[in-house]
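Analysis of the macromolecular model
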Amino acid sequence: MDELAATMTGFARTLRAAGVAADHERTQNLLRALDHLDVCDPGEVYWAGRLTLCAGPDDLPRYDRCFAAYFGGRKAALQRTATTSVTRHLAERQGDGGTGDDDGTPAAATASRIEVLRHRDVARLTEAERAEVHRMMALLKGGRARRRSRRFESAHRGDLDQRRTIRDALRKGEVARLRHRRHTTRPRTVVMFVDVSGSMAPYAETLLRFAHALVRSEPRATRVYSAGTRLTPITAELRHRDPGTALNEVSKVIPDWSGGTRLGEELKEYLARFSARGAIVLIASDGWERGDPELLGTQLARLARQAYRVIWVNPHKGYADYQPLTGGMRAALPYLDDLVAGHSLAAFEQLSERLAHA
Amino acid sequence: MDIESPEKLIELLDRHAYLADEGLATAAFLALRMGRPLFLEGEAGVGKTELAKTLAALLKAPLIRLQCYEGLDAAQALYDWDFARQLLHLKAAEAAGITDVSRLEGEIYDRRFLIARPLLKAIETQPSVLLVDEIDRADDEFEAFLLEVLSDFTISIPELGTVRARTPPVVVVTSNRTREVHDALKRRCLYHWLEHPDFDREVAILLRRLPGCTETLAMQVARAAERLRQADLVKPPGVAETLDWTEALLTLGAKELDPGRAAATLGAALKYREDVAAVIGNGLLSHG
């Protein structure tokens, strides 16, 4: 690699550390652009980099900072930003010891009649009652709203299928009848984030069982991530037919049970790597954000622009006196299409119904 | 046309009354040199579409415009068969007693029955400027499809074969960022975020575009526009709107921006009733 290429690759690496998606292909574009420009002119180098390495207005201030630092000869300062995410995880491990799986207030209810159980807060059930609710959960009808696809199928009514009409006519030697067509449909993708931090511990299992039901009903149109201090994809684990096995598998891959919540950071990571385009996004969390609420707000704004609907599932929403007052919840609220309850079987039945008609 | 540097392009654009800064000129210069699409993002009215029109004028190439909207599909963007004429042709053949299917087929899928939509038209026209306007309004599936066409500038038509551009068209893709566009598409393009012009540039644009405009009036309108853009309006005025506004003032014979005339012509700059009300209510027009 010649010196220019090495310098520019280093610059791209600095940008990546600062959160700009300056990947290999973009770096190659930069080198190609520099073929046409004067590499000794800082202005032209600045623009060549900005035009090829950035992908949105959010990138621009970071780009300016990195450009000044890197070409101003202060590389060391920038490399430090690359290690912050590691130290953050370490720091996070020490905070918030977690409250365990059960909050230890077994309800005195003896009746295990389903009608009663349906509306009860799962965090206040006995083991046996919760098991009953979870069995019901596996039976949730997993309907899913459908979206129009770009494909067509032939139909008796609908738009005229011109191609098929002509083909028919050719074959028969005359225009015998008109053919019609219509768009096929496909299920909308659901992307679900399950907060597994300490404050959500009483609800985590129920939420994961709900996620399991979603995955089972539409395996190819559901993606689930656990969120706490880091983002972990758990869709593959949830594909097991048996909910118990699935949850067992999930528990093996989630590294951060009962830590704090850094949903803002995690959504940012998600948006950098994946896309929720056209999807229904479910965020199951109580909104006790330990990161910067403002970051959570900006990430949700991005998510809302991509997604078809953003629905926040908050266990506490089930109570009449609930007010979305936590920093995270307040930052998120402007970007949500809906804030729904997620504390009882009835609440999940309603949510399931919503997904069928969203 | 050989354009040797971004500075030269600034000069050429200026001759067509488009005042570009260094960033935009470098972006357009590289798009021409590298044969890559230019992806322009920014609020409505900052001059994205206008750049495509000006590039077409200075390259003396036709501007082919694909206006995006929800539900836009391949048939509307690429090509379509002229169904009515195909049917007529079949009827005529039937009347003439022609029954040879393969011959009929060859006749029906002839180039003359093909209707070129913007993308095919741009690939067939040398040279041309293709404007894919407001890509953020199209469905996201359309982006993947567009990426394919913009990657190799070929379109394959099953009944006819592949159409390839001898020299790729100059492509300008615009987005108002109401929705995020696929990264894959952006990566294929040169990305430029276009801001509202600063005060000096806006004054220069007004003077350049409106010959009857005095410097005083241009400065007053530009300053008012600056204030309006900071005023948290539903739709802050873009350059297009300040131009309209100034033109309206000139039509009334204004040499200066007095509050009375400003209020009377405000509809040229602001397009929402609540914006007009807010601006007048807050006394934003009294210049200081």
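What counts and how
- Residues numbered from 1 in each chain as written.
- Chains lettered and ligands numbered in written order.
- Predicted model: local features only at pLDDT ≥ 70, side-chain atom pairs only at ≥ 80, totals over all residues.
- Heavy atoms only, no water.
- Buried < 20%, exposed > 50% of the residue type's maximum accessible area, 1.4 Å probe, protein only.
- Helix = DSSP H or I, 4+ residues; strand = E, 2+ residues; numbered from the N terminus.
- Arc of directions from axis to C-beta.
- Contact = heavy atoms within 4.5 Å.
- Patch = residues over 30% accessible without salt bridge, like charges linked within 9 Å, V, L, I, M, F, W, Y side chains within 5 Å.
- Areas by Shrake-Rupley, 256 points an atom, 1.4 Å probe, with all protein chains shown as cover.
- Salt bridge = Lys/Arg side-chain N within 4 Å of Asp/Glu carboxyl O.
- Lys, Arg positive; Asp, Glu negative; His and termini not counted.
- Charge placed at Lys NZ, Arg CZ, Asp CG, Glu CD.
- Pairing = 2+ DSSP bridges.
- Axes fitted to C-alpha atoms, helices over the stretch in contact; angles between N-to-C directions.
- Polar contact = N/O pair within 3.5 Å; in protein donor to acceptor, adjacent residues only side chain to side chain.
- Parallel < 35°, antiparallel > 145°, perpendicular 65-115°, else oblique.
- Left-handed = near helix turned anticlockwise from the far one by under 90°.
- Nonpolar A, V, L, I, M, F, W, Y, C, P; charged D, E, K, R; others polar.

Named according to an unreviewed UniProt entry, chain B is MoxR-like ATPase originating from Nonomuraea rubra.

Residues and elements named next belong to chain A. Taken residue by residue, helix α12 (residues 263–273) has L263, G264, E266, L267, Y270 and L271 as its buried positions. The buried residues of α12 all sit within an arc of 165° when viewed along its axis, so they share a single face. Facing away from the buried surface of α12 by more than 90 degrees, the exposed residues are A272 and R273. Where α12 is buried, its residues touch β4 (190–195), β5 (222–227), β7 (280–284), α13 (293–306) and β8 (309–314).

Residue and element names in this part refer to chain B. Residues Q126 and P127 are joined by a peptide bond in cis, for which omega reads -20°. Turning to its location among the elements, P127 is positioned in the loop between α7 (118–124) and β5 (129–133). The phi dihedral of K60 is positive, around 55°, even though this residue is not glycine. Residue placement: K60 occurs in the loop between α3 (48–59) and β2 (63–67).

With that out of the way, let us pick up the environment of R182(A). All names here are of chain A. Here R182 shows up in strand β3 (residues 180–187). Residue R182 is classed as partly exposed on the basis of its relative accessible area, which comes to 47%. For the pair R182 and G158, spaced 24 residues apart in sequence, the C-alpha to C-alpha distance is 5.6 Å. Beyond its immediate stretch of four places on either side in the chain, R182 contacts R151, F152, E153 and A155.

A cluster of like negative charges, contributed by D38(A), E7(B), D21(B), E22(B), D198(B), D200(B) and E226(B), occupies part of the molecular surface. For D38(A), the location among the structural elements is in the loop between α2 (24–34) and α3 (42–53). Note on D38(A): relative accessible area 39%, which makes it partly exposed.

Here we take up the sheet that holds strand β9 (residues 190–193) of chain B. In a beta sheet, neighbouring strands pair by backbone hydrogen bonds and run either parallel or antiparallel. All names here are of chain B. The sheet built from five strands is open, its strands ordered β2-β5-β8-β1-β9 with parallel pairing. Looking at the sheet topology across the chains shown, the edges are occupied by β2 and β9. Averaged over neighbouring strand pairs, the angle between their axes works out to 20° when direction is ignored. The sheet contacts of helix α2 (residues 22–34) involve β1 (38–41), β8 (170–175) and β9, and relative to β9 the element is tilted by about 165°.

Residue and element names in this part refer to chain A. With respect to the secondary-structure elements, D121 resides in the loop between α6 (114–118) and α7 (127–137). At 2.4 Å, the side chain of D121 forms a polar contact with the side chain of Y319. What D121 contacts, discounting residues up to four positions off in sequence, is Y203, Y319 and H343.

Residue and element names in this part refer to chain A. In spatial order, the strands read β1-β3-β2; together these three strands make up an open sheet with antiparallel pairing. Of all the strands in the sheet, just β1 (146–155) and β2 (159–160) have a single pairing partner and so form its edges. Bridging between β2 and β3 involves two bridges; their strand directions are antiparallel. Residue D159 lies in a different strand from β3, and its bridge partner there is R181.

Residue and element names in this part refer to chain A. The contact between helix α1 (residues 3–17) and α2 brings their axes to 10 Å, and the two run at 140°. Considering their axes alone, α1 and α2 lie oblique with respect to each other. In this structure, α1 meets α2 at a crossing whose hand is right-handed. Residues L4, A5, M8, T9, A12 and R16 of α1 lie in contact with α2, whose contacting residues are T27, L30, L31 and L34. Grouping the constituent residues of the contact of α1 with α2 by class yields seven nonpolar, two polar and one charged.

Moving on, we get to the pattern of salt bridges. As a working rule, side chains carrying opposite charge can pair if their charged atoms are close by. Evaluation of the coordinates by the stated rule reveals 33 salt bridges over all chains. In this structure, D23(A) engages R187(B) in a salt bridge whose closest nitrogen and oxygen atoms are separated by 2.7 Å. Placement of the pair is D23(A) in the loop between α1 and α2 and R187(B) in helix α9 (residues 183–188), with the two residues belonging to separate chains.

On to the interface of chain B and chain A, then. Across the contact, 47 residues belong to chain B and 40 residues belong to chain A. Counting across the chain B and chain A interface gives seven salt bridges. On the surface where chain B and chain A come into contact, there are nine residue pairs in polar contact (both at pLDDT 80 or more). Going through the elements one at a time, α1 (6–15), α2, β3 (79–81), α5 (83–95), α6 (101–108), α8 (140–152), α9 and β9 of chain B are the ones with two or more residues in the side of chain B that touches chain A. The dominant element in the side of chain B that touches chain A, judged by the number of residues it contributes, is α2(B), at eight residues. For the side of chain B that touches chain A, a count of residues per class yields 20 nonpolar, seven polar and 20 charged.

Residues and elements named next belong to chain B. Burial runs high along β8: six of the six residues are buried. Neither face of β8 is left uncovered, since the one carrying V170, V172 and T174 and the one carrying V171, V173 and S175 both have all their residues buried. In terms of strand pairing, β1 meets β8 through four bridges, oriented parallel. For L40, the partnering residue across the bridge sits in β8 and is T174. Across four bridges, the pairing between β5 and β8 is parallel. Across the sheet, the residue bridging to L131 is V172, located in β8.

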